[in-house]
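# Remarks on the overall topology
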Amino acid sequence: MDSSVYAFVEDLRGEGVERVLDRISGYGVTGITVGAVHHAAYDVTPHGLSRLTLRHDGAHFPAPPELFAGLRLSPVPGFLNAFDGLREACAKRSLKLHGWTVFLRNATLGTEHPDVTVRDCFGDRGSLTALCPAHPDVREYAVALARSVARLGVDSVVAEALHFRPLKPQRSFVPLGPMDAYLLGLCFCDYCMRRATDLGVNAEVARDECARIVGGVFDGDPPAQGEVTRAALTAYAGPEVVAYARARSETVTTLVSEVASAVAEEGSRLVFVDSTGAVKGYQHGLPTPGLAAHDAWQLGVDLVALGDLVPAFGVLAYARDAARVADDVGAYLRSVGKDREVRAVLRPGHPDSDSADRLVAKARAAKAAGALAVDFYAYGLVPHPVLDRIPAALAEVQ
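A brief look at the structure comes next. Owing to the predicted nature of the structure, the values given are computational and were not obtained by experimental measurement.

### A word on the overall build of the chain
Helices and strands together make up the secondary structure of the chain, namely 18 helices and eleven strands. With respect to the principal axes defined by its C-alpha atoms, the chain has extents near 60 × 50 × 40 Å. In the chain, which comprises 398 residues, the share counted as buried stands at 58%. Contacts spanning at least 24 positions in sequence make up 77% of the contacts within the chain whose residues lie at least 6 apart. Of the side-chain charges in the chain, 40 are positive and 48 negative, and the distance between the mean point of each set is 4 Å.

### Thoughts on unusual backbone geometry
Residue proline 351 is reached from histidine 350 by a cis peptide bond, and omega for that bond is 0°. Its location among the elements puts proline 351 in the loop between β10 (341–346) and α16 (356–368). The omega torsion of the bond from tyrosine 377 to alanine 378 falls at -5°, within 30 degrees of zero and hence cis. One can find alanine 378 in the loop between β11 (373–376) and α17 (384–387). One non-glycine residue, serine 94, lies in the positive phi region at around 60°. With respect to the secondary-structure elements, serine 94 resides in the loop between α4 (86–92) and β6 (96–102). You can call serine 94 exposed: its relative accessible area is 65%. In the Ramachandran plot, alanine 161 falls in the positive-phi region, its phi being about 55° despite a non-glycine side chain. Looking at where alanine 161 falls in the secondary structure, it is placed in the loop between β7 (156–160) and α7 (178–185).

### Focus: the nonpolar core
Ranked by internal contacts, the top residues of the largest apolar core, which has 124 residues, are Phe103, Leu183, Val259 and Phe376. The greatest single-element share of this core, amounting to twelve residues, is contributed by helix α11 (residues 239–265). Ignoring sequence-local partners within four residues, the contact set of phenylalanine 376 consists of Ser4, Val5, Tyr6, Val29, Leu346, Leu359, Ile390, Ala393 and Leu394. Counting residues in hydrophobic clusters, the runner-up holds 15 residues, among them Phe8, Ala161, Val345 and Tyr377.

### Some remarks on a nonpolar patch on the surface
On the surface, Tyr42, Val44, Leu52 and Leu54 cluster together to form a nonpolar patch covering roughly 450 Å² of accessible area. Sorting the residues of the nonpolar patch by element identifies β3 (41–44) and β4 (52–55) as the ones contributing at least two each. When you line up the elements, tyrosine 42 lands in strand β3. On the basis of relative accessibility, which here comes to 59%, the residue tyrosine 42 falls in the exposed class.

### Some remarks on the pairing of β4
The side chains of a regular strand alternate between both faces of the sheet. Covered by surrounding structure in β4 are Thr53 and Arg55 only, the residues Leu52 and Leu54 on the alternate face being uncovered. Sheet topology places β3 next to β4; four bridges connect them, and they run antiparallel. Bridge pairing in β4 links tyrosine 42 to leucine 54.

### Examining α7
In terms of burial, α7 is largely enclosed, as six of its eight residues are buried. Those residues of α7 that sit buried are Met179, Asp180, Tyr182, Leu183, Leu184 and Gly185. Residues of α7 that are buried in the fold lie against α9 (203–218), α10 (230–237) and α11.

### Brief notes about the environment of leucine 95
Secondary-structure assignment places leucine 95 in the loop between α4 and β6. In the structure, leucine 95 is positioned 74 residues away from leucine 21 in sequence and 8.6 Å away in space, judged by C-alpha atoms. Non-local contacts of leucine 95, meaning those with residues more than four positions away in its chain, are made with Leu21, Ser25, Val29, Thr30, Gly31 and Cys90.

Cut-offs used in this document
- Residues numbered from 1 in each chain as written.
- Predicted model: local features only at pLDDT ≥ 70, side-chain atom pairs only at ≥ 80, totals over all residues.
- Heavy atoms only, no water.
- Helix = DSSP H or I, 4+ residues; strand = E, 2+ residues; numbered from the N terminus.
- Buried < 20%, exposed > 50% of the residue type's maximum accessible area, 1.4 Å probe, protein only.
- Contact = heavy atoms within 4.5 Å.
- Lys, Arg positive; Asp, Glu negative; His and termini not counted.
- Charge placed at Lys NZ, Arg CZ, Asp CG, Glu CD.
- Core = buried A, V, L, I, M, F, W, Y, C linked by side-chain atoms within 4.5 Å.
- Patch = residues over 30% accessible without salt bridge, like charges linked within 9 Å, V, L, I, M, F, W, Y side chains within 5 Å.
- Areas by Shrake-Rupley, 256 points an atom, 1.4 Å probe, with all protein chains shown as cover.
- Salt bridge = Lys/Arg side-chain N within 4 Å of Asp/Glu carboxyl O.
- Pairing = 2+ DSSP bridges.

In structure tokens form, the structure reads like this:
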């Protein structure tokens with residue numbers, strides 16, 4: 001069974017490429033998924049050179065100038081020599097090398113070019129980390145970025161944040177319900193509204209309804225209760241808002257199609273990672289009831305459509321319960337098609353796995369549900385004794 005360990009460039013720089021690859025190879029995995037392009041973060045790194053690691057937005061390779069010539073957006077430079085000799089070092093250990101790429105989450109680009117970020121129903125651009133996938137400049141940037149990573153000679157380009165993102169304010173003392181937060185997170189920039197209008201949606205009505213409902217909650221109306229579903233959203237906000245939300249899938253599908261084609265033309269393949277699994281269970285490993293595949297539409301992800309365009313999918317199976325992992329993997333396969341590769345991404349420790357036995361059970365459940373690969377997230381964030389659970393998990397699925 002195929003497998004890999006996610007790792008950050010800072011892991012390789014801090015501990016040394018040879019040491020990290022030797023340890024990862026010793027787990028019995030078949031590959032390593034390295035963060036070629038990542039977003040800013042501040043992480044506890046228990047065995048890193050620094051025990052607290054500050055990550056900056058950055059592409060960790062020299063951007064080919066011919067790909068970005070004439071484009072408004074270009075990659076933020078990171079550690080430009082991070083991939084030097086890495087493919088050869090992996091090949092020496094018979095490890096595949098995958099290029100983990102965060103596409104549309106970039107506060108540096110958003111701050112420099114706020115007009116390419118999402119705009120809410122009130123006209124505010126309050127999330128400068130979220131680049132809008134409908135904006136032409138963002139779409140050109142994403143395709144060029146994908147080609148750049150593919151040219152590193154990676155076995156696959158693992159695409160994260162290649163869709164809309166949910167609203168995540170740092171502070172809110174207004175008790176927004178899930179549907180209120182969803183409405184506030186919808187993008188109503190000119191390009192999103194134009195695309196929706198072209199699909200027959202009255203985008204202005206949708207925007208005004210969102211502003212009316214969320215504005216009412218800001219003024220003291222009770223927040224909406226319950227999970228976000230299309231039926232509940234129709235009853236709460238009306239059919240035009242639901243139609244507007246549906247129109248976002250065309251934006252994401254066409255962008256992913258362009259990126260997948262570009263990656264294939266460069267001799268690699270795309271692994272599309274839908275972040276819904278992380279939205280539902282990242283903090284605690286106790287995802288809300290709806291399966292990730294069924295809720296992916298909220299981020300503009302149409303898995304049925306993407307199943308015809310993308311060869312492989314990463315399922316963020318961030319759950320403590322093995323049965324939930326199996327249910328999520330199975331739902332993805334039913335959506336994207338049985339002939340597509342589904343890779344279950346598991347966290348070997350906190351907060352999902354409190355023992356090797358629990359990790360083993362989840363790996364077994366993922367395989368039984370049809371996953372063709374199991375990946376582990378992430379090397380630098382997890383103590384070595386927890387990473388040492390990986391061989392037992394792989395032994396169950398080989």
